[in-house]
Amino acid sequence: MNQTRRKRRPDPYPPLISPRVRNIFLLLTFLFIIYILFSYGTFRRDRISSLARSLSVFPTQRRHLLFSIAASHGSWLTRSSYVRLWYSPESTRAVVFLDRGGFDPDPTLPLITVSEDVSKFPYNFPGGLRSAIRVARVVKETVDRGDNKDVRWFVFGDDDTVFFVDNLVTVLSKYDHRKWWYVGSNSEFYDQNVKYSFDMAFGGGGFAISASLGKVLAKVLDSCLMRYSHMYGSDSRIFSCVAELGVALTHEPGFHQIDVRGNIFGLLCAHPLSPLVSLHHLDAVDPFFPRTNRTESVARLIRAASLDSARILQQSVCYDSSNTVTVSVVWGYAIQVYQGNKLLPDLLTLQKTFSTWRRGSGVRSNYMFSTREYPRDPCARPLVFFLDSVGSDGTGGTWSSYGLYTVGNCHRAEAVKGLRNIRVLSRKLELNGEQKNPPRRQCCDISSPYNKSMVINIRQCMPDELIAMNS
C-alpha cells in the first residue's frame, strides 16, 4: 500500500532562546544560588560570632574591679579606718601595699603586701620623697601578682581615699575594658594643675586603668621610671608612661582630689551632675557633719549612699512661690533654705567655705570652678539642715531626715522661723545607659503648709519643665 509522506508543519511557537544559551543560563543561575547560600551562611556565622562575643561581655560588676591602695606602715595605723568604711570582704577585691610589714591579718581590711625593693631606680626631684617610685610601681606589682582573673579595671588610690564603689562601677561600665582607658580627674586647685599637668589623673583622688592597658603598662613601667627620675610624684610617673603609650586621660568629674583645706561644705553642696566616685585628703578637711569626727562623718555619707548610691550629693532645687522660699536639697548630706527667689545658676556655683591647699600670704585662690563668697555673718546665710537619718520604704523609695543646724540668734522670715526638720522622699535613682551621659537634674516639690516640719518630694522633671520660681 502506498503511503504518502506528510510534510512536517513548522512549530507555531519557536523557542525564544537556543538550548545552548538556556543551559548556560541555568548553570549561571545555579552558581549564583550557591554563592548566595554560602555568603548568607558566612554572614550568619559572623553575626552569631559577634553576638556570642557581645553576650560574653556582661555588665561590669564590683568583682571586676581590683583596688590597689598605696600606704605606709606609719599612715596605715591611722588611716585604715577610712578603708574599712568602703571595703567589703564579700564583694570588693583590694590589696594594700606597704613599705614594710608588721600587721596581723584583719578580716575587715584588704590583704596587705610589702612592696618590692626600688633602690635601683633614680630619684632626682629636690626635696621630694623616694616613696613616689614605690607607689608608682604598685601598678606593675598589681598586674604581676597573677590573681587577676576576671579583672576588668585596676583602680589605684591612697589610704586616705574613700571610694564609692557602686558609683565607680557605674562610671566604668560606660567604657570597654578591652580597649585602653586611663580614667580619673585632676586637681581642684588651678596652681596644682599648672605645676603638674591638666591632663594627669591625680593619684589621691584615684584613677582607673583598663585591664588591657594595665597589662601593657606593667611591661614598660620600669623603663619609664628610669627616664622620669626628675619628677615629684607617683601619679606624674604613671601619667608620663601612659602618655608614651599614646593614651590620654578620660576626665570623670566624680573623682575628687580635694586639694583644699578646712570646711568643704560649699564643695559638697555643688557636686557636678555625675556620680560621686571618691573623696581624698580627709585629714586636711573638717568633718562633714556637726558633732562628728572625720570617720563618723564619712560613715554617715556612705550609709546614705548604700541606699541610693547614684543620688548621693545630687542637688535638686525647689521653690515655694507663695512664701517666696527657695530650697536646695543635696541628697544624703544637707539642705539649705533661702529667703527669697534664688536663681538656679547662682545655687550651682560653689560657696567658698574652704581655704587654699597651698599656704602662704602670696597664694591666690585660683580654682578649676566658679565660686561665690560665703557670708561671714551667720545671719546672712541660709538655714542649713544636715542629714540625721536615712532609710528605705521597702518599695524602691527612700526617706531621709535632716535636722536644723543653728548658728547665732538670727531673725528669720515668718514662713521659716519655726522650721526644725525636713523630710525628703525620693525613688531610687537608676542610671541606665541614656542617663549616664548626659544626665538631667531632677525636680522637687514642697508639701504645704509647713511650720516645724517640711516634706519634700524629689521627682523627674516634666519634659519642658523649668527649675525656677513660678511668677
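Look up: the structure comes first, before these words.
Residues numbered from 1 in each chain as written. Predicted model: local features only at pLDDT ≥ 70, side-chain atom pairs only at ≥ 80, totals over all residues. Heavy atoms only, no water.

## Some words on the overall build of the protein chain
Short version of the rule: Strands are runs of DSSP state E lasting at least 2 residues, helices are runs of H or I lasting at least 4, and numbering of each runs from the N terminus. Throughout this description, buried means an accessible area under 20% of the type-specific maximum (1.4 Å probe, protein chains only), exposed means over 50%, and partly exposed covers the range between. In this analysis, two residues are considered to be in contact whenever any of their non-hydrogen atoms come within 4.5 Å of each other. Residue-level accessible areas treat just the shown protein chains as cover; the underlying method is Shrake-Rupley with a 1.4 Å probe.
What the protein chain contains, in helices and strands, is 12 helices and 21 strands. Buried positions account for 48% of the 471 residues belonging to the protein chain. A sequence separation of at least 24 residues applies to 67% of the contacts in the protein chain between residues at least 6 apart. Summed over its atoms, the accessible surface of the protein chain is roughly 24900 Å², and 53% of this surface lies on carbon and sulfur atoms.

## Regarding the nonpolar core
In summary, soluble globular proteins display a tendency toward joint burial of nonpolar side chains. What counts here: Here the nonpolar core consists of buried residues drawn from Ala, Val, Leu, Ile, Met, Phe, Trp, Tyr and Cys, with membership extended through side-chain atoms lying within 4.5 Å.
Membership of the largest hydrophobic core comes to 83 residues, with the highest contact counts inside it found for Phe67, Trp86, Phe288, Val327, Tyr333, Val337 and Ile456. Once residues lying within four places of it in the same chain are set aside, the contact partners of Phe67 are Trp86, Thr92, Arg93, Ala94, Val95, Val155, Phe163, Val165 and Leu168. Within the second largest apolar cluster, 35 residues are counted, among which are Tyr123, Met200, Phe207 and Leu249.

## A look at the sheet that holds strand S8 (residues 250-251)
The line we're drawing: A pair of strands is treated as paired once DSSP finds two or more bridges between them. In this analysis, axes come from line fits to C-alpha atoms, helices being fitted only over the stretch in contact, and the angle between any two N-to-C directions falls in the range 0 to 180 degrees.
Across the sheet, 7 strands lie side by side as S3-S2-S1-S4-S7-S6-S8; this open sheet has mixed pairing. Two strands lie at the open edges of the sheet, namely strand S3 (111-114) and S8, each paired on one side alone. Pairing of strand S6 (residues 182-184) with strand S7 (residues 207-210) involves 2 bridges; the strand directions are antiparallel. The residue of S7 that forms the bridge with Tyr182 is Ile209. Along the sheet face, helix H2 (residues 73-86) touches strand S1 (65-70), strand S2 (93-98) and S3 and points at about 170 degrees away from the line of S2. Against the sheet, helix H5 (residues 165-172) engages S1, strand S4 (153-158), S6 and S7, with an angle of about 120 degrees to S1.

## A word on the packing of helix H7 (residues 211-227) against helix H8 (residues 234-244)
Inclusion rule: Angle categories are assigned with fixed cut-offs, so that under 35 degrees is roughly parallel, over 145 is roughly antiparallel, 65 to 115 is roughly perpendicular, and the rest are oblique. In this scheme, a crossing is called left-handed if the near helix is turned counterclockwise away from the far one by less than a right angle; it is called right-handed if the turn is clockwise. Residues are grouped as follows: Ala, Val, Leu, Ile, Met, Phe, Trp, Tyr, Cys and Pro are nonpolar; Asp, Glu, Lys and Arg are charged; every other residue, Gly included, is polar.
The interhelical angle for the contact between H7 and H8, taken along N-to-C directions, is 115 degrees, at an axis separation of 9 Å. Relative to H8, the element H7 lies roughly perpendicular. The hand of the H7/H8 crossing is right-handed. In contact with Leu213, Leu217, Val220, Leu221, Cys224, Leu225 and Arg227 of H7, H8 contributes Arg237, Ile238, Cys241, Val242 and Glu244. Split into classes, the residues belonging to the contact of H7 with H8 amount to 9 nonpolar, no polar and 3 charged.

## Observations concerning the sheet that holds strand S17 (residues 383-392)
The mixed open sheet is built from 8 strands, whose spatial order is S11-S12-S13-S17-S18-S19-S21-S20. Two strands close off the open sheet at either side, each with one partner strand: strand S11 (315-320) and strand S20 (443-447). Going across the sheet, the axis of each strand differs from the next one's by a mean of 25 degrees, ignoring polarity. By the bridge criterion, 4 bridges tie strand S13 (residues 334-339) to S17 in an arrangement that is antiparallel.

## What about the state of the cysteines?
Quick note on the threshold: Defined by distance alone, a disulfide is two cysteine sulfur atoms within 2.5 Å.
The tally for this structure, following the rule as stated, stands at 4 disulfides. Paired through a disulfide, Cys224 and Cys241 show a sulfur-sulfur distance of 2.1 Å. Torsion about the S-S bond of the Cys224 and Cys241 cystine: about 65 degrees, corresponding to right-handed handedness. Here Cys224, found in helix H7, pairs with Cys241, found in helix H8; they are 17 residues apart in sequence, far enough to count as distant. For the pair Cys224 and Cys241, one class covers both residues: buried. Cys379 shares a disulfide with Cys410; S-S distance 2.0 Å. Across the S-S bond linking Cys379 and Cys410, the dihedral sits near -80 degrees, which makes this disulfide left-handed. One end of the pair, Cys379, is in the loop between strand S16 (371-373) and S17; the other, Cys410, is in the loop between strand S18 (397-405) and strand S19 (421-427), with 31 residues separating them in the sequence. With its disulfide-bonded cysteines labelled consecutively along the sequence, the protein chain is connected as 1-2, 3-7, 4-5, 6-8.

## A word on H5
Residues that lie three or four places apart on an α-helix share one face, since the helix turns once every 3.6 residues. Burial analysis of H5 places 6 of its 8 residues in the buried class, which makes it a mostly covered element. Among the residues of H5, those classed as buried are Val165, Asn167, Leu168, Val169, Val171 and Leu172.

## A look at the pattern of salt bridges
Close approach of charged atoms lets side chains of opposite charge pair. We count it as follows: Only one rule defines a salt bridge in this text: a Lys or Arg side-chain nitrogen within 4 Å of an Asp or Glu carboxyl oxygen.
Tallying each qualifying case throughout the model produces 19 salt bridges. For Arg79, the salt bridge goes to Asp160, with nearest N and O atoms at 3.9 Å. Linking Arg79 in helix H2 with Asp160 in the loop between S4 and strand S5 (162-163), this pair joins segments that are 81 residues apart in sequence. A residue is classified by how much of its surface remains accessible, and Arg79, at 23% relative accessible area, is partly exposed. Residue Asp160 is classed as buried on the basis of its relative accessible area, which comes to 3%. Between Glu116 and Arg137 there is a salt bridge; the shortest N-O distance is 2.7 Å. A residue pair is termed long-range when its members are at least 10 positions apart, and Glu116 in the loop between S3 and helix H3 (131-136) and Arg137 in the loop between H3 and helix H4 (138-144) qualify at 21 residues. A residue is classified by how much of its surface remains accessible, and Glu116, at 46% relative accessible area, is partly exposed. For Arg137, a relative accessible area of 6% translates into the label buried. Each of Arg79, Asp159, Asp160 and Asp283 takes part in one network of salt bridges that share partners.

## A short note on helix H10 (residues 294-307)
Inclusion rule: Between the first and last residue of a helix there are one fewer steps than residues, each counted as 1.5 Å, and that sum is the expected span.
Along its 14 residues, H10 runs 21 Å from first to last C-alpha, staying within 8% of the 20 Å computed at 1.5 Å per residue. Along H10, the residues classified as buried are Ser297, Val298, Leu301, Ile302, Ala304, Ala305 and Leu307. At its buried positions, H10 is contacted by H2, S5, strand S10 (278-279), S17 and S18.

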